[in-house]
Structures are given as C-alpha cells and as structure tokens.
Amino acid sequence: DVGCGGGWFFDRLSDLGGQVEGVEPERALVSGDVLLRHKIHVGPFDRSFQPGKQYSLILMLDVLEHLDDAPAALAYAVELLEPEGVLMITVPAFRWLWTSHDDMNHHRTRYTKQTFARVADLAGMRIDTCRYFFHWLVPLKLAVRAKECVLATQPTPPTVPPRLVNQFCYGLSRLEQFLCARLRIPLGSSLLIIGGRRGGWSSSARPGS
C-alpha cells in the first residue's frame with residue numbers, strides 16, 4: 001500500500017490473504033505507537049525502496065496527484081508487480097473541480113481518463129478498468145469552487161464531520177456504487193484505475209476470476 005499512512009487499510013488487505021506492507025513518505029503519519037510500524041517503510045516511493053521481491057497487489061490510493069514525476073513512480077510500481085499482479089489506483093478527477101482542498105493537499109494536478117492514459121503509457125502500465133466515481137460529489141465540488149471564486153475567503157483545513165454525516169456519506173457512496181458502477185457515467189470527482197503489467201493477465205481474464 002503506497003501512501004499507507006499508519007496502515008489504515010492493512011486489516012482489510014490482510015483479509016485477502018498473504019503478507020501486507022506499506023510505504024509512507026510522511027514520517028509524522030507513522031508515529032512510534034502505530035501497531036503495524038514494522039510493516040511500513042518510511043521514505044519516498046522511489047528506487048530507495050528496495051523490497052527484494054514483487055507483489056501480487058499494489059495500491060496507490062490518492063498518491064500520484066502529489067508527485068512531480070508520476071510516470072516514474074507508476075513505472076516503478078509496475079516493475080514491482082508480479083507478472084499477473086494487479087495495480088489499483090485512485091486519483092482526483094477534472095481540473096475544473098479544483099478547489100482550495102487541492103492547494104492545501106499539495107496536489108500537482110487532477111486527472112481525466114485521457115490524461116491518465118498518457119501517464120500509464122509512459123509507465124508501461126496496462127489499463128483494464130478506468131471509470132469515474134463519487135458522482136454525487138461533483139455538484140458539491142462545483143458549489144465550493146463557485147463560492148471560492150466569489151468570496152475571497154482564507155481556506156482552512158477541513159474537520160472530521162460528525163458520525164451521522166459520515167454514515168450518510170458512506171451510505172450514499174455505497175448506493176452510488178450499487179446503482180451506477182456499470183453505467184460508466186462520464187463525470188465524478190475521482191477516477192479509479194485497475195490494471196497491471198503489459199503482457200500479463202488482465203484482471204478480467206485472470207484464471208479463476
């Protein structure tokens with residue numbers, strides 16, 4: 001799990017079987033009291049990370065938009081995949097949804113299917129699935145962008161919303177996934193990409209899938 005923070009997804013990944021480890025460049029996110037600290041490499045995801053093995057699954061969830069050289073990082077992830085391994089990526093979508101949230105999080109860009117395909121081509125990545133999600137967030141992001149254009153307010157870091165709000169948003173996202181996953185709606189605040197090495201099995205054609 002590249003950009004794993006304190007290993008927030010390790011439990012869910014462990015349910016898939018096998019060994020789980022992560023890479024996190026921000027040392028402050030991996031404090032000494034993190035239970036899975038021994039499974040996290042603290043440092044940049046580049047060739048200084050030398051695990052001496054390949055992986056069946058690599059996650060890069062909201063990582064590439066932070067990097068100056070996204071094709072190089074993606075190429076290294078492809079290199080670390082087993083021949084039939086799977087690479088799962090999420091990135092923010094559409095430059096016209098740019099808000100102060102992107103500035104505060106030091107994003108370099110937001111992607112479309114077309115711009116990500118160019119990065120994947122440079123990195124030697126095969127794309128099996130590429131679709132937008134969080135469709136319901138698009139009007140909210142546009143409203144925030146409009147507000148920021150009209151009102152020159154100083155952006156502030158977002159706070160964690162109340163539990164009920166989180167549960168409502170989670171339920172809305174699950175409902176969207178159930179209703180819209182197969183519709184390939186051409187808008188969304190994020191982009192999901194699943195693929196692997198060129199010449200390897202596609203995720204949809206892998207034996208037993």
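To be clear, the structure that these remarks concern was listed above.
Residues numbered from 1 in each chain as written. Predicted model: local features only at pLDDT ≥ 70, side-chain atom pairs only at ≥ 80, totals over all residues. Heavy atoms only, no water.

## Re the pattern of salt bridges
Step number 1: Applying the stated criterion across every chain yields a total of 6 salt bridges.
Step number 2: A salt bridge links Glu21 to Lys53; the shortest N-O distance between them is 2.7 Å. Pair noted here: Glu21 is in the loop between α1 (10–14) and β1 (22–24) and Lys53 is in the loop between β2 (40–42) and β3 (55–61), with a separation of 32 residues, a long-range link.
Step number 3: On the basis of relative accessible area, Glu21 is assigned to the partly exposed category, the value being 24%. (Salt bridge = Lys/Arg side-chain N within 4 Å of Asp/Glu carboxyl O. Helix = DSSP H or I, 4+ residues; strand = E, 2+ residues; numbered from the N terminus. Buried < 20%, exposed > 50% of the residue type's maximum accessible area, 1.4 Å probe, protein only.)

## Quick word on the nonpolar core
Step number 1: If you look at the biggest cluster of nonpolar residues, it comprises 34 residues, and the most contacted ones within it are Phe45, Met60, Leu64, Leu74, Leu87, Ile89 and Phe116.
Step number 2: Of all the elements in the fold, those that place two or more residues in this core are β3, α2 (70–79), β4 (81–92), α4 (113–123), β5 (125–133) and β6 (190–197).
Step number 3: The element contributing the most residues to this core is α2, with 6 residues.
Step number 4: Here Ile89 is in contact with Met60, Leu64, Leu74, Phe116, Met125, Leu191, Leu192 and Ile193, once residues within four sequence places are set aside.
Step number 5: If you look at the next biggest cluster of nonpolar residues, it comprises 9 residues, including Phe10, Val20, Val30 and Leu36. (Core = buried A, V, L, I, M, F, W, Y, C linked by side-chain atoms within 4.5 Å. Contact = heavy atoms within 4.5 Å.)

## Examining helix α6 (residues 163–180)
Step number 1: With 18 residues, α6 extends 25 Å between its outermost C-alpha atoms, agreeing within 8% with the 26 Å of an ideal straight helix rising 1.5 Å per residue.
Step number 2: Taken residue by residue, α6 has Ser173, Glu176 and Cys180 as its buried positions. Projected onto a plane normal to the axis of α6, the buried residues spread over an arc of 65° and lie on a single side. Exposed side of α6, more than 90 degrees from the buried face: Arg163, Leu164, Phe168, Tyr170, Arg174 and Phe178 are the residues found there.
Step number 3: At its buried positions, α6 is contacted by β5. (Expected span 1.5 Å × (residues − 1). Arc of directions from axis to C-beta.)

## Brief notes about the environment of Asp68
Step number 1: If you trace the backbone, Asp68 turns up in the loop between β3 and α2.
Step number 2: A C-alpha to C-alpha distance of 20 Å links Asp68 and Leu80, two positions 12 residues apart in sequence.
Step number 3: At 2.7 Å, the side chain of Asp68 and the side chain of Arg108 are in polar contact. (Polar contact = N/O pair within 3.5 Å; in protein donor to acceptor, adjacent residues only side chain to side chain.)

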